[in-house]
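Listed below, chain by chain, are the residues.
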Amino acid sequence: MKEQPIVKRYFMELGYDGSSFSGWQIQPNGITVQESIEKAMSTIAQKPVSIVGAGRTDAGVHAARMVVHFDFEGDTLPFDAHKINRLLPRTITIYRIYEVATDAHARFDAVERTYHYRIHFNRDPFLRHFSTFVHHPLDIEAMNRAALFLLGKQDFTSFSKLHTDVKTNICTVKRAEWVREEGEGYRFEITADRFLRDMVRAIVGTLFLIGRGKMAPEGIRNILEQKDRSAAGMSAPAEGLSLVDVKYNF
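Residues numbered from 1 in each chain as written. Predicted model: local features only at pLDDT ≥ 70, side-chain atom pairs only at ≥ 80, totals over all residues. Heavy atoms only, no water.

Some words on the UniProt feature "active site" (unreviewed entry) in the protein
Here the UniProt-annotated "active site" (unreviewed entry) positions come out as Asp58. Checked against the element boundaries, Asp58 lands in the loop between strand S2 (52-53) and strand S3 (62-73). Judged by relative accessible area, which is 17%, Asp58 ranks as buried. Among residues more than four places away in sequence, those in contact with Asp58 are Gly23, Lys161, Arg197, Asp198 and Arg201. (UniProt positions renumbered as here; feature names shortened; annotations may be inferred. Helix = DSSP H or I, 4+ residues; strand = E, 2+ residues; numbered from the N terminus. Buried < 20%, exposed > 50% of the residue type's maximum accessible area, 1.4 Å probe, protein only. Contact = heavy atoms within 4.5 Å.)

Now the structure itself:
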């Protein structure tokens, strides 16, 4: 009897500057991060290799730590992080690859994700790809009072892109806070068990309204209750957003 081929599953950790990509997920028009990585891995392996990410980032959004999984047949891999990096643009870097259980899943097994959204108030060409320039003063204290209403298990339909394929808009937010960065900038740190499409940018855009005095901090509660995307503010620009961590229980 012919022996069954050994198929192993691996996790891979990576980071990328999303400025020049049309998002994470492969699509017909535009170069994506997923496409670039799969092309490099498949070239070395001389056969197709597909990866599954812990999430999807939109065009222009960055990741300091994205986690993906892939399956490969055989005892050893024909590539490592260094070999893949040699074929990737400098805007993507593979950090490490390691074997995991065959049923481990980069997306479904993730128990916590953290995003940061950075802003600055003085024009700076060196920040333009990774932080959003804000033209108006913001009341950070009011924005943090509003952020408290985001905590806990709630329906975030009002902060989700319309017509997505998810089965539920319930998320549990564990942390949501603006903190001061070195210099005159701030970053919004938000951690949850899962995020909806455009959720963080919609939240930040709404917090900008509160920071400018156009809405009371308590208005966040009313927006959540309405379960209507039009009730919230416009999405903040993509360049300030980065996925910074994904956690697992193994």
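Structural notes on the UniProt feature "domain: Pseudouridine synthase I TruA alpha/beta" (unreviewed entry) in the protein
Summarizing the sequence annotation, UniProt attributes the feature "domain: Pseudouridine synthase I TruA alpha/beta" (unreviewed entry) to residues 147-249 in the numbering used throughout. As a span, residues 147-249 carries 21% helix and 28% strand, and end to end its C-alpha atoms are 27 Å apart.

Re the environment of Ile92
The topology assignment puts Ile92 in strand S4 (residues 92-100). Sequence-wise, Ile92 and His116 are 24 residues apart; in three dimensions their C-alpha atoms are separated by 19 Å. With sequence-adjacent residues up to four places away left out, Ile92 is seen in contact with Leu14, Gly15, Tyr16, Phe21, Val33, Ser36, Ile37 and Asn85.

Points about the layout of surface pockets
The computed volume of the largest pocket comes to approximately 770 Å³. The wall of the largest pocket is formed by 34 residues, among which Ala54, Gly55, Arg56, Arg107 and Phe195 lie closest to the centre. Listed by contribution, the elements that provide at least two residues to the lining of the largest pocket are S2, strand S5 (112-120), helix H4 (199-211) and strand S10 (241-247). When residues of the lining of the largest pocket are assigned to their parent elements, the largest contribution, three residues, is made by H4. For the lining of the largest pocket, the residue count by class is 16 nonpolar, seven polar and 11 charged. (1 Å grid on protein atoms, 1.4 Å probe; cavity = no way out; pocket = protein on both sides within 12 Å on 5 of 7 lines; lining within 4 Å. Points joined across faces, edges and corners; volume = space filled by probe spheres on them. Nonpolar A, V, L, I, M, F, W, Y, C, P; charged D, E, K, R; others polar.)

Focus: the pattern of salt bridges
Following the criterion strictly, the structure yields 16 salt bridges and no others. For Asp58, the salt bridge goes to Arg197, with nearest N and O atoms at 3.5 Å. Taken as a pair, Asp58 in the loop between S2 and S3 and Arg197 in the loop between strand S9 (186-192) and H4 lie far apart in primary sequence, 139 residues in all. When its relative accessible area of 32% is taken as the criterion, Arg197 is described as partly exposed. In this structure, Arg201 engages Asp198 in a salt bridge whose closest nitrogen and oxygen atoms are separated by 3.9 Å. Summarising the burial analysis for this pair, Arg201 and Asp198 share the class buried. One network of salt bridges, with partners in common, ties together Arg118, Arg175, Glu177, Glu181, Arg187 and Glu189. (Salt bridge = Lys/Arg side-chain N within 4 Å of Asp/Glu carboxyl O.)

Description of the pairing of S3
Looking along a regular strand, one sees the side chains alternate between the two faces of the sheet. Taken across its 12 residues, S3 has nine buried, putting it largely inside the fold. Relative to S3, strand S1 (residues 7-16) is paired through nine bridges, and the arrangement is antiparallel. Each residue of the ladder has a partner; that of Leu14, found in S3, is Met66. Strand direction decides the pairing type here: S2 and S3, joined by two bridges, are antiparallel. (Pairing = 2+ DSSP bridges.)

Structural notes on the nonpolar core
Nonpolar side chains in soluble globular proteins tend to end up buried together. Ile37, Phe159 and Phe188 are the most contacted members of the largest nonpolar core, which totals 73 residues. Broken down by element, this core gets its largest block of residues, eight residues, from H4. Beyond its immediate chain neighbours, meaning those up to four positions away, Phe159 contacts Leu150, Arg197, Asp198, Met199, Ala202, Ile203, Thr206, Ile220, Ile223, Leu224, Arg229 and Ala232. (Core = buried A, V, L, I, M, F, W, Y, C linked by side-chain atoms within 4.5 Å.)

Section: the side chain of Arg65
Within the element layout of this structure, Arg65 appears in strand S3. Among the polar contacts listed, one links the side chain of Arg65 to the side chain of Asp245, at a separation of 2.8 Å. Once you skip the residues sitting within four places of it in the chain, Arg65 turns out to touch Glu13, Leu14, Leu243, Val244, Asp245 and Val246. (Polar contact = N/O pair within 3.5 Å; in protein donor to acceptor, adjacent residues only side chain to side chain.)

Digging into the packing of aromatic side chains
Enumeration over the complete set of coordinates arrives at 14 aromatic pairs. When the ring of Tyr117 is compared with that of Phe208, the centres are 6.4 Å apart and the planes differ by 75°; the resulting orientation is edge-to-face. Pair noted here: Tyr117 is in strand S5 and Phe208 is in helix H4, with a separation of 91 residues, a long-range link. In this structure, Tyr117 and Phe208 share a single accessibility class: buried. One aromatic cluster is present, formed by Tyr10, Phe70, Phe72 and Phe79 through successive ring pairs. (Phe/Tyr/Trp six-rings, centres within 6.5 Å; stacked < 30°, edge-to-face > 60°.)

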